[in-house]
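A structural walkthrough
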Amino acid sequence: MKLGIVGLPNVGKSTLFNAITKAGAEAANYPFCTIEPNVGVVIVPDERVTNLSNIYHSKKTIYTTIEFSDIAGLVKGASKGEGLGNKFLGHIREVEAIVHVVRCFEDPNVVHVDGRVNPVSDIETINMELIIADMEVLERRIAKTEKVAKAGDKNAKSEIVILQKVYDALADGQVARKIDLDDDEAAFVKTLDLLTFKPVIYAANVGEDEAAGPDNDFVKEVKEYAAAENSEVVVICAKIEAELSELDDEERTMFLEDMGITESGLDKLIKSSYALLNLISFLTTGEDETRAWTIRRGTLAPQAAGKIHTDFEKGFIRAETIAYDKLMECEGKLSAAKEKGWLRSEGKEYEVKDGDVVHFLFNV
């Protein structure tokens, strides 16, 4: 899973990136200190993996991961090349979802690129640049498709209707993810790789004294804006995340308790990204290895098996599966789970569930 961290300059992008990846990217109080995207891979903490590995004394323990890219600050005119904008927009195309960091704190010592804090205006500035870039993509695609349609291609004619529908909405200032599309239209639009069709998590970056309290007015504005497009919002404090990144697990827990914070910004981001992208994890375990595998919700057993190895999918016979919680009730003993009828044999039509502990049987 690849997430791109974007936002206007000086909103806390690089500070947040450093904190959650411990990658040590440069963070400075001036625009464009990030030009090439810094990339960091974050292990997704999962106590289920840890517990299973301990029970089975696994030689290897492998958690799933998220790749974060810290993409340089966009500015008004980015779609026309301002602030190396075209290059930055290209980096955004490579990610599956966008973490849009929005400044929701006042601090006279931190320069705002527009001279004032206005989170909705900041969001709209970036969205407009992405919209303009998407419109340029669609203009080229429409021109190309019209030539094919004139040759009598019926699919091309139906595609033009969808392309024009999306283009007109963008021209009205609407991001593609807000357009009312049926399932077939949405599937087609997804293939266009439009920037404004990518799912978004708004990371509302607040001050240290507001991290544990009720939402400030800036955060409320961001949440209202996000609700209108079914996007996720995570309230974080990049400064606190930076301090947490320097602590070990025990110290981190104590620090959060002292601050009155229930979970770290990274944990919030992970949960939101899984929810936004409709992802779940199933588990495999044994003496050799315990591992978490990330799949889309609704994935059938053969395709889940294919995540491990293509041969597993090609020669799929069945999946022996048990819910993690049920296995824990049996202290990890499959024999006891089988006696209770909790160890199931599932076929090709089974949808793998979050937390399923699975052993695939195959023959090639």
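Our subject is the structure listed above.
Quick look at the structure, then.

**Some thoughts on the overall build of the protein chain**
- Each helix and strand in the protein chain was counted, giving 14 helices and twelve strands.
- Sorting the 364 residues of the protein chain into buried and exposed places 48% on the buried side.
- For the protein chain, restricting intrachain contacts to residue pairs at least 6 apart in sequence, the fraction spanning at least 24 positions comes to 69%.
- Of the roughly 18100 Å² of accessible surface on the protein chain, 48% is carried by carbon and sulfur atoms.

**Concerning the packing of aromatic side chains**
- Tallied over the entire structure, the rule returns five aromatic pairs.
- Here the aromatic rings of tyrosine 202 and tyrosine 225 are separated by 6.2 Å at their centres, their planes lie at 85 degrees, and the arrangement is edge-to-face. Placement of the pair is tyrosine 202 in strand β6 (residues 200–205) and tyrosine 225 in helix α7 (residues 217–227), with a sequence separation of 23 residues.
- Residue classification places tyrosine 202 among the buried positions, given a relative accessible area of 0%.
- Aromatic rings pair up to connect Phe282, Trp293, Phe316 and Phe360 into one cluster.
- The ring of tryptophan 342 carries the charged tip of lysine 326 above its face, separated from the ring centre by 4.4 Å.

**Looking at the sheet that holds strand β5 (residues 97–103)**
- The strand order across the open sheet formed by six strands is β2-β4-β1-β5-β6-β7, and the pairing between neighbours is mixed. What marks the edges here is a single partner per strand, and that holds for β2 (38–43) and β7 (232–236). Neighbour-to-neighbour, the strand axes of this sheet turn through a mean angle of 25 degrees, independent of strand direction.
- Across six bridges, the pairing between β5 and β6 is parallel. Opposite valine 99, over in β6, you have isoleucine 201 as the bridge partner.

**As for the pattern of salt bridges**
- Per the stated rule, a full pass over the model turns up 14 salt bridges.
- Across the salt bridge formed by glutamate 159 and arginine 141, the nearest N and O atoms sit 3.8 Å from each other. Pair noted here: glutamate 159 is in helix α5 (residues 154–171) and arginine 141 is in helix α4 (residues 119–150), with a separation of 18 residues, a long-range link.
- By relative accessible area, which is 23% here, glutamate 159 ends up partly exposed.
- Looking at arginine 141, the relative accessible area reads 29%, which means it is partly exposed.
- For glutamate 185, the salt bridge goes to lysine 165, with nearest N and O atoms at 3.2 Å. Of the two residues, glutamate 185 sits in helix α6 (residues 183–190) while lysine 165 sits in helix α5, which places them 20 residues apart along the sequence.

**Quick notes on the nonpolar core**
- In this structure, Phe68, Cys104 and Leu269 are the most contacted members of the largest nonpolar core, which totals 55 residues.
- Apart from residues no more than four positions distant in its own chain, leucine 269 is found in contact with Leu16, Ile20, Phe68, Val99, Ile201 and Val234.
- Core analysis: the next-biggest nonpolar cluster, separate from the first, contains 20 residues, Ile162, Val166, Tyr167 and Leu181 among them.

**Some thoughts on the pairing of β5**
- The element β5 is extensively covered by neighbouring structure, given that seven of its seven residues are classed as buried.
- Neither face of β5 is left uncovered, since the one carrying Ala97, Val99, Val101 and Arg103 and the one carrying Ile98, His100 and Val102 both have all their residues buried.
- Pairing analysis gives four bridges linking strand β1 (residues 2–6) to β5, with the strands arranged parallel. Note on β5: the bridge partner recorded for valine 6 is histidine 100.

**Examining helix α9 (residues 249–259)**
- At the N-terminal boundary of α9, the capping side chain belongs to aspartate 248, with an oxygen 3.2 Å from the backbone nitrogen of glutamate 250.
- Just past α9, the residue glycine 260 takes up positive phi, approximately 75 degrees.

**Some words on the side chain of glutamate 229**
- Mapping glutamate 229 onto the fold places it in the loop between α7 and β7.
- At a separation of 3.0 Å, a polar atom in the side chain of glutamate 229 contacts the side chain of arginine 177.
- A polar contact is formed between the side chain of glutamate 229 and the side chain of tyrosine 202, at a distance of 2.8 Å.
- For glutamate 229, the contacting residues outside a window of four places in its chain are Val175, Arg177, Lys178 and Tyr202.

**Some details on the packing of α5 against α6**
- Their axes nearest at 11 Å, the elements α5 and α6 cross at an angle of 80 degrees. By the angle between their axes, α5 is roughly perpendicular relative to α6. Seen from α5, the contacting residues are Glu159, Ile162, Leu163, Lys165 and Val166; seen from α6, they are Glu185, Phe188 and Val189.
- Here the residues of the contact of α5 with α6 sort into five nonpolar, no polar and three charged.

What counts, and where the lines are drawn
- Residues numbered from 1 in each chain as written.
- Predicted model: local features only at pLDDT ≥ 70, side-chain atom pairs only at ≥ 80, totals over all residues.
- Heavy atoms only, no water.
- Helix = DSSP H or I, 4+ residues; strand = E, 2+ residues; numbered from the N terminus.
- Buried < 20%, exposed > 50% of the residue type's maximum accessible area, 1.4 Å probe, protein only.
- Contact = heavy atoms within 4.5 Å.
- Areas by Shrake-Rupley, 256 points an atom, 1.4 Å probe, with all protein chains shown as cover.
- Phe/Tyr/Trp six-rings, centres within 6.5 Å; stacked < 30°, edge-to-face > 60°.
- Lys NZ or Arg CZ within 6 Å of the ring centre and 35° of its normal.
- Pairing = 2+ DSSP bridges.
- Axes fitted to C-alpha atoms, helices over the stretch in contact; angles between N-to-C directions.
- Salt bridge = Lys/Arg side-chain N within 4 Å of Asp/Glu carboxyl O.
- Core = buried A, V, L, I, M, F, W, Y, C linked by side-chain atoms within 4.5 Å.
- Polar contact = N/O pair within 3.5 Å; in protein donor to acceptor, adjacent residues only side chain to side chain.
- Parallel < 35°, antiparallel > 145°, perpendicular 65-115°, else oblique.
- Nonpolar A, V, L, I, M, F, W, Y, C, P; charged D, E, K, R; others polar.

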